[in-house]
Amino acid sequence: MEKLPSFSNKPIKFLAQAGKGLGRNSSETALEDSALVGGDEDVSSAQKKGGEAGTRDSLFLTGNLSLVTSLDGVSVLYKSESKIDNFTEFREGVNSESADEEQLQELDDVLETGDASEEHNVGIVSDHDSFGPNRIEEKNKVSCDITKGEWVVDENYPLYTNASCPFIDEGFNCQANGRADKDYMKWRWQPQDCDIPRFNATKMLEFIRGKRVVFVGDSINRNQWESMLCLLMGAVKDPKKVYEIRGRKITKERGNYCFMFEDYKCRVEFYVSHFLVRESTSRIGGRRVQTLRIDRIDKGSSRWRRADILVFNTGHWWSHHKTKAGINYYQEGDRIHPQLHVNKAFRRALSTWASWVDNYISPRKTHIFFTSSAPSHFRGGLWNTGGHCRDAFRPLMGTFSSQYSEKDLMVEEIMRQMKNPVTLLNITGLSDFRPDGHPSIYGRKFSNGIQDCSHWCLPGVPDSWNELLYYNLNSRTKDSLVN
């Protein structure tokens, strides 16, 4: 199937603060891996709900911020006072819509691939006897709203270096590609009403001893997965006892990986699935065309099953020219829709995913997360028309508001309808303050001036996403990770 680019989503409406000052230093982290045999389950869309969230234009203001969407509630829009700072001009020039999937195709091809998954047959396992429909507020209750806060300088960061972690691929290894400044690695997300525990690789490895941690999604999820490997690597005494079970190196040529942490008998895995539903082909007239089966889960789905921690994402590939146009592209059963709006298709695909989770994943065994969209920060054009983020060397200061993604709102809506508890890992707002965290021209050793303002340097912002994951696991488990 034709390779699609991997980034785009309309920004969120939120408010927030950023930290001050800069420092220097570094730490280390750890690594983890994964594997499993696969199968193929066909899940028809079990949930259909009318109405589409309206689309609002982005506004970029400055002033004092508090983020919009909490983990235990529905998105709320906040107003804030206007306050000008040294990054106002930069932020006003950022066009989140410019991270268009079609325009980013060549850029994303460097970082993301999706090798075809084999089909296997696995029986259905349903385990919902003690779980009824719950509201997302009840399922995702935590002690404070971790989306409200600021970026602060912490001399103990980063928790690893590109030298200590061998699992950072070229597209995310900014220092190896020539980035000289290191201040972007020194920022830590600090919620305003609570403290997030620093990621403890030893305790995390003990928690996942004998278990599987599985990331499923696009190149942004791969960004987070590589961060997790690097964080975990900090607690590994013998690096030779951490390896990909098939001997695969992390490159753009492959999309599925399973890393084993031998001393802990645990696996940390990544499976590329741009849409979570099935990419396919079908015949129209006398020719075969590419389609997206929005009523059937991805072919590799059986390999996600029996995981102990599942981290999903999707959304960034849903604005490619095929998905946006929706002409003879979306398929349900034997029917190929002559035309279907991308938001309706996205909602139906999410319902298919949700139905699969409710029917195939045991909530007694598995912690399920869904990561919200990550923002891009192109300014002055698209990636191939001079768009850049090269002026960003610090988090954004002050306050601004943008718009909560319509797709993220759909994710929340679908989650509220599910039987299984799913935690929304809301990384959108805090990441939007970090235009300095992208590879820019350092996504390749020889970038030819093309800038990547969508993915993220490692060490960097995705490490904070994993600290939020760590925090949520600790908040929802009987055995504390941090005590």
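Please read these numbers as outputs of a predicted model, since none were measured by experiment. Think of each chain on its own: its residues are numbered from 1, step by step along the sequence as written. Two thresholds apply to this predicted model, a pLDDT of at least 70 for residue-level local features and 80 or more for giving and counting side-chain atom pairs, whereas whole-chain, interface and lining totals are computed over all residues. To obtain the side-chain values, all non-hydrogen atoms of the structure were included, while hydrogens and water were left out.

Engineer: In this structure, what is going on with the sheet that holds strand β4 (residues 242–244)? I would like to understand it.
Structural biologist: In a beta sheet, neighbouring strands are held together by backbone hydrogen bonds and run either parallel or antiparallel to one another. If DSSP finds at least two bridges between two strands, the strands pair. For helices the rule is a DSSP run of H or I covering at least 4 residues; for strands it is a run of E covering at least 2, with both sets numbered from the N terminus onward. One open sheet holds the seven strands; their spatial order is β4-β5-β6-β3-β9-β12-β13, and the pairing between them is mixed. Only two strands of the sheet have a single partner each, and these edge strands are β4 and β13 (422–425). Ignoring strand direction, the axes of neighbouring strands in this sheet form an average angle of 20 degrees. Where β4 and strand β5 (residues 256–261) come together, three bridges link them in antiparallel fashion. Looking at β5, one finds that Val 242 is bridged to Phe 261. Note on contacts: a residue pair qualifies if any of its non-hydrogen atoms lie within 4.5 Å across the two residues. Only the stretch in contact is used when a helix axis is fitted, and all axes are lines through C-alpha atoms; the angle between N-to-C directions ranges over 0 to 180 degrees. Sheet strands touched by helix α5 (residues 219–233): β3 (212–217), β4, β5, β6 (266–272), β9 (309–312), β12 (367–371) and β13. Its angle to β6, the strand with the most contacts, is close to 165 degrees.

Engineer: What should I look at first to understand the packing of α5 against helix α10 (residues 461–476) in this one?
Structural biologist: A pair of packed helices can be characterised by two numbers: the angle between their axes and the separation between those axes. For the pair α5 and α10, interaxial distance at closest approach is 8 Å and the crossing angle is 75 degrees. Taken together, the axes of α5 and α10 are roughly perpendicular relative to one another. Packed against α5, whose contacting residues are Ile 220, Asn 223, Gln 224, Ser 227, Met 228 and Leu 231, the element α10 presents Pro 462, Asp 463, Trp 465, Asn 466 and Leu 469 at the interface. Among the residues making up the contact of α5 with α10, the classes are represented as six nonpolar, four polar and one charged. Here is the rule for angles: anything less than 35 degrees is roughly parallel, anything more than 145 is roughly antiparallel, 65 through 115 is roughly perpendicular, and the remaining ranges are oblique. Residues are grouped as follows: nonpolar covers Ala, Val, Leu, Ile, Met, Phe, Trp, Tyr, Cys and Pro; charged covers Asp, Glu, Lys and Arg; every other residue, Gly included, is treated as polar.

Engineer: Please clarify how the packing of aromatic side chains should be interpreted in this entry.
Structural biologist: Two numbers describe a pair of aromatic rings. These are the distance of the centres and the angle of the planes. Two rings belonging to Phe, Tyr or Trp (six-membered ring only in the last case) form a pair when the distance between their centres is within 6.5 Å. Interplanar angles under 30 degrees mark stacking, angles over 60 mark edge-to-face geometry, and anything in between is tilted. By the definition in use, this model includes 17 aromatic pairs. With 5.4 Å between their ring centres and 75 degrees between their planes, Phe 312 and Trp 353 make a pair best called edge-to-face. Of the two residues, Phe 312 sits in strand β9 while Trp 353 sits in helix α7 (residues 342–360), which places them 41 residues apart along the sequence. Burial classes: relative accessible area under 20% of the type maximum marks a residue as buried, over 50% as exposed, and values in between as partly exposed (1.4 Å probe, protein chains only). On the accessibility criterion, Phe 312 (0% relative accessible area) is buried. A centroid spacing of 5.2 Å and a plane angle of 85 degrees characterise the contact between Trp 318 and Phe 346, whose relative ring orientation is edge-to-face. With a gap of 28 residues between them, Trp 318 in the loop between β9 and α6 (321–325) and Phe 346 in helix α7 connect regions that are remote in the sequence. Each member of the pair, Trp 318 as well as Phe 346, carries the same accessibility label: buried. Members of the aromatic cluster, connected to one another through ring pairs, are Phe 275, Trp 317, Trp 318, Tyr 329, Tyr 330 and Phe 346. Its end group placed over the ring of Phe 346, Lys 407 keeps NZ or CZ at 5.9 Å from the ring centre. Think of it as a cone above the ring: NZ of Lys or CZ of Arg counts as a charge over the ring if it is within 6 Å of the ring centre and within 35 degrees of the ring normal. A cation over an aromatic ring shows up here: Arg 434 above the ring of Trp 151, its NZ or CZ 4.6 Å from the ring centre.

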